[in-house]
Each structure stands twice: as C-alpha cells, then as structure tokens.
Amino acid sequence: MPTPREIEALTDEIEERKLEKERLREERKELKRKKQRAEKLEKMVAPFLLFLTVLIGALIWFL
C-alpha cells in the first residue's frame with residue numbers, strides 16, 4: 001500500500017505532466033496562428049504588388 005507521501009509525489013508528477021502537455025499544446029497553437037497570419041499576409045501582398053507593378057508600368061508607358 002503506497003504511503004500518503006508516495007501518493008502525493010505521484011499526484012505532483014501527474015500534474016507536472018499535464019502542465020507540460022498543456023504548454024506544448026499552447027506552443028503548437030501559437031505556431032499555427034503565426035503560420036496562418038504569415039499566409040494571410042502573403043495573400044494580401046501579392047495583389048498589392050501586382051497593382052503597383054501595373055500602375056508603374058502604366059506611368060512609364062504614358063510618360
């Protein structure tokens with residue numbers, strides 16, 4: 001039969017594992033959010049660069 005101290009030590013160890021898993025889960029979520037933000041930025045920049053290129057081309061053509 002485990003002693004109360006052993007039970008407490010095991011409980012603490014289990015809690016530490018849970019906290020570590022939660023921390024890893026949060027890190028993965030944050031990395032996923034950063035990746036989604038980067039992809040969204042890429043999708044927004046491409047049309048802007050195209051528009052800017054066309055605008056500069058038109059200015060050069062008319063001048």
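Small disclaimer: the values here were computed from a predicted structure and weren't measured.

Reading guide: rules and limits
- Residues numbered from 1 in each chain as written.
- Predicted model: local features only at pLDDT ≥ 70, side-chain atom pairs only at ≥ 80, totals over all residues.
- Heavy atoms only, no water.
- Helix = DSSP H or I, 4+ residues; strand = E, 2+ residues; numbered from the N terminus.
- Rg over C-alpha atoms; globule rule 2.2 N^0.38 Å.
- Buried < 20%, exposed > 50% of the residue type's maximum accessible area, 1.4 Å probe, protein only.
- Areas by Shrake-Rupley, 256 points an atom, 1.4 Å probe, with all protein chains shown as cover.
- Lys, Arg positive; Asp, Glu negative; His and termini not counted.
- Charge placed at Lys NZ, Arg CZ, Asp CG, Glu CD.
- Salt bridge = Lys/Arg side-chain N within 4 Å of Asp/Glu carboxyl O.
- Patch = residues over 30% accessible without salt bridge, like charges linked within 9 Å, V, L, I, M, F, W, Y side chains within 5 Å.
- Polar contact = N/O pair within 3.5 Å; in protein donor to acceptor, adjacent residues only side chain to side chain.

Colleague: I would appreciate a short explanation of the overall build of the protein chain in the present structure.
Modeller: A tally of regular secondary structure across the protein chain gives one helix and zero strands. Taken over C-alpha atoms, the radius of gyration comes to 27 Å for the protein chain, far larger than the 11 Å a tight globule of 63 residues would show. Projected onto the principal axes, the alpha-carbon positions of the protein chain cover approximately 90 × 10 × 5 Å. Burial statistics for the protein chain: of 63 residues in total, 0% are counted as buried. Total accessible area on the protein chain stands at roughly 6600 Å², and carbon and sulfur atoms take up 66% of it. Taking the 15 positively charged and 13 negatively charged side chains of the protein chain as two groups, their mean positions are separated by 9 Å.

Colleague: Would you take a moment to explain the pattern of salt bridges for this structure?
Modeller: When the charged atoms of two side chains lie near each other, side chains of opposite charge can form a pair. Counted by the stated rule, this structure contains seven salt bridges. For Lys18, the salt bridge goes to Glu15, with nearest N and O atoms at 4.0 Å. In this pair, Lys18 and Glu15 both sit in helix 1 (residues 4–62), three residues apart, roughly one turn of the helix. Salt-bridge contacts for Arg33 lead to Glu30; the nearest nitrogen and oxygen are separated by 2.7 Å. Taken as a pair, Arg33 and Glu30 lie in helix 1 at a separation of three residues, close to a single helical turn.

Colleague: Teacher, can you tell me more about a nonpolar patch on the surface here?
Modeller: Taken together, the side chains of Leu41, Val45, Phe48, Leu49, Phe51, Leu52, Leu55, Ile56, Leu59, Ile60 and Leu63 make up a nonpolar region of the molecular surface, amounting to roughly 1100 Å² of accessible area. Along the chain, Ile56 falls in helix 1. Given a relative accessible area of 44%, Ile56 falls into the partly exposed group.

Colleague: Sorry if this is basic, but what is going on with the environment of Arg23 here?
Modeller: Within the element layout of this structure, Arg23 appears in helix 1. Judged by relative accessible area, which is 38%, Arg23 ranks as partly exposed. In this structure the C-alpha to C-alpha distance between Arg23 and Arg37, which are 14 residues apart in sequence, comes to 21 Å. Side chain to side chain, Arg23 and Glu20 meet in a polar contact 2.4 Å long.

Colleague: Just to check I follow, could you spell out the environment of Glu13 for this structure?
Modeller: As for its placement among the helices and strands, Glu13 is situated in helix 1. Residue Glu13 is classed as partly exposed on the basis of its relative accessible area of 36%. Here the alpha-carbon distance between Glu13 and Leu52, two residues 39 residues apart in the chain, equals 58 Å.

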